[in-house]
Amino acid sequence: AFLGMGDQIGYGRLIELACGLSLDKGPQFTRWLDRPLSVRQLRYALADVRHLPAAWQMLSTRLEAAGRRGWVEEESAALAGIAAASAPPEEAWRDIKGARGLRGRALSVLVALAAWREETARASTLQPSWVLAEAAMLEIARAAPGDLGALRAIRGVGEAARQHGEQIVARIAAGRSAAAPALPPDPGPPSPRAERWSTMTAQLVQALAENAVVGARFVANRADADAVARWFDARVGDGRDPAAMSDEPDMPLFRGWRRAVAGAAVLCWLRGELVA
């Protein structure tokens, strides 16, 4: 993303750019637990790592030439900080898309189930979604099954029920008897002018990111633009003169390399100092 290769790039395309090689994609759906593996399968597996030094060297050289190695170090440090300061399992439900649409018993069951999933994932060093998919968790929370049979009947729960069925049922029971957490108030829909500011902010970020040859969504997504617009709408709604505003929101867009790419220009536009 820092080199204009898009938000994501496939490994095959990366190696093509770095080494000029076209990798064999044939065995990518191999059942890797089956034995013996063929020579082609072994070569495919080896290719997953043998070209990484060359790819790293290409990316490193280009980042250095573009003056963006510091950007990568800054972003990596931020990601490492997020990982080190991970929330306790009891707060894991907050990251589940759709959780805020639940209420009462369904929400309390989801809280208990999400905590169990997070604990299980950490203990087994797996991604939480590999333990139990979010869509299945939401269905379990709504149904709150009381036994293994009812749990197995829920779509998408098969493997998790086979491996952890009794633990899941126990957590459901705990959730059924617990109080649901308080949800923050719904801010409601943005004002029409905030919607316009959000759209313009997103378009401005897109243009500036393209100009800097950086993946736009990596700089700021639409949710980021919405947050900026709501913040600015609240300030202007208080009767403040945008040109006289000196405060800034504490958002990633206005810190570090993102500020250099787009954040500073967005603030100037909001204050009327820049015509987009």
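Above this text is the structure in question.
Residues numbered from 1 in each chain as written. Predicted model: local features only at pLDDT ≥ 70, side-chain atom pairs only at ≥ 80, totals over all residues. Heavy atoms only, no water.

1. What to know about the overall build of the protein chain
At step 1: The helix and strand inventory of the protein chain stands at 13 helices and zero strands.
At step 2: Walking the protein chain from its N terminus toward its C terminus, one meets helices and strands in the order α-α-α-α-α-α-α-α-α-α-α-α-α.
At step 3: Scaling as 2.2 N^0.38, a compact globule of 276 residues should have a C-alpha radius of gyration of about 19 Å, whereas the protein chain reaches 24 Å, well beyond that.
At step 4: Here the protein chain holds 276 residues, and 35% of them are scored as buried. (Helix = DSSP H or I, 4+ residues; strand = E, 2+ residues; numbered from the N terminus. Rg over C-alpha atoms; globule rule 2.2 N^0.38 Å. Buried < 20%, exposed > 50% of the residue type's maximum accessible area, 1.4 Å probe, protein only.)

2. A few points about the packing of aromatic side chains
At step 1: If you walk through the whole model with that rule in mind, you get eight aromatic pairs.
At step 2: Ring centres of Phe-2 and Phe-218 lie 5.1 Å apart, and the angle between their planes is 80°; on these two criteria the pair is classed as edge-to-face. Of this pair, Phe-2 sits in the segment before α1 (11-19) while Phe-218 sits in helix α11 (residues 216-219), placing them 216 residues apart in sequence.
At step 3: The buried category is assigned to Phe-2, whose relative accessible area is 9%.
At step 4: Geometrically, the ring pair formed by Trp-71 and Trp-257 is stacked, given 5.6 Å between the ring centres and 20° between the ring planes. (Phe/Tyr/Trp six-rings, centres within 6.5 Å; stacked < 30°, edge-to-face > 60°.)

3. Overview of a nonpolar patch on the surface
At step 1: A cluster of nonpolar side chains, contributed by Leu-46, Val-49 and Leu-52, occupies part of the molecular surface with about 250 Å² of accessible area.
At step 2: The exposure class of Leu-46 is partly exposed, given its relative accessible area of 43%. (Patch = residues over 30% accessible without salt bridge, like charges linked within 9 Å, V, L, I, M, F, W, Y side chains within 5 Å. Areas by Shrake-Rupley, 256 points an atom, 1.4 Å probe, with all protein chains shown as cover. Salt bridge = Lys/Arg side-chain N within 4 Å of Asp/Glu carboxyl O.)

4. Focus on unusual backbone geometry
What is expected of a backbone is that most residues other than glycine have negative phi and most peptide bonds are trans.
At step 1: With omega at 0°, the peptide bond leading from Arg-35 into Pro-36 counts as cis.
At step 2: Its location among the elements puts Pro-36 in the loop between α1 and α2 (39-50).
At step 3: In the Ramachandran plot, Thr-125 falls in the positive-phi region, its phi being about 50° despite a non-glycine side chain.
At step 4: Mapped onto the elements of the fold, Thr-125 is located in the loop between α5 (104-124) and α6 (128-131).

5. Quick word on the packing of α5 against helix α7 (residues 134-143)
At step 1: The geometry of α5 relative to α7 is characterised by a closest axis approach of 8 Å and an angle of 140° between their N-to-C directions. Here α5 is positioned oblique relative to α7, judged by the angle of their axes. Between α5 and α7 lies a crossing of right-handed hand. Side by side, α5 and α7 meet where Arg-105, Ala-106, Val-109, Leu-110, Leu-113, Ala-114 and Arg-117 of the first sit next to Glu-134, Met-137, Leu-138, Ile-140, Ala-141, Arg-142 and Ala-143 of the second. (Axes fitted to C-alpha atoms, helices over the stretch in contact; angles between N-to-C directions. Parallel < 35°, antiparallel > 145°, perpendicular 65-115°, else oblique. Left-handed = near helix turned anticlockwise from the far one by under 90°. Contact = heavy atoms within 4.5 Å.)

6. Overview of the environment of Leu-52
At step 1: Looking at the secondary structure, you find Leu-52 in helix α3 (residues 52-66).
At step 2: Judged by its relative accessible area of 40%, Leu-52 falls in the partly exposed class.
At step 3: Remark: the alpha-carbon pair of Leu-52 and Tyr-11, spanning 41 residues in sequence, is separated by 9.5 Å.

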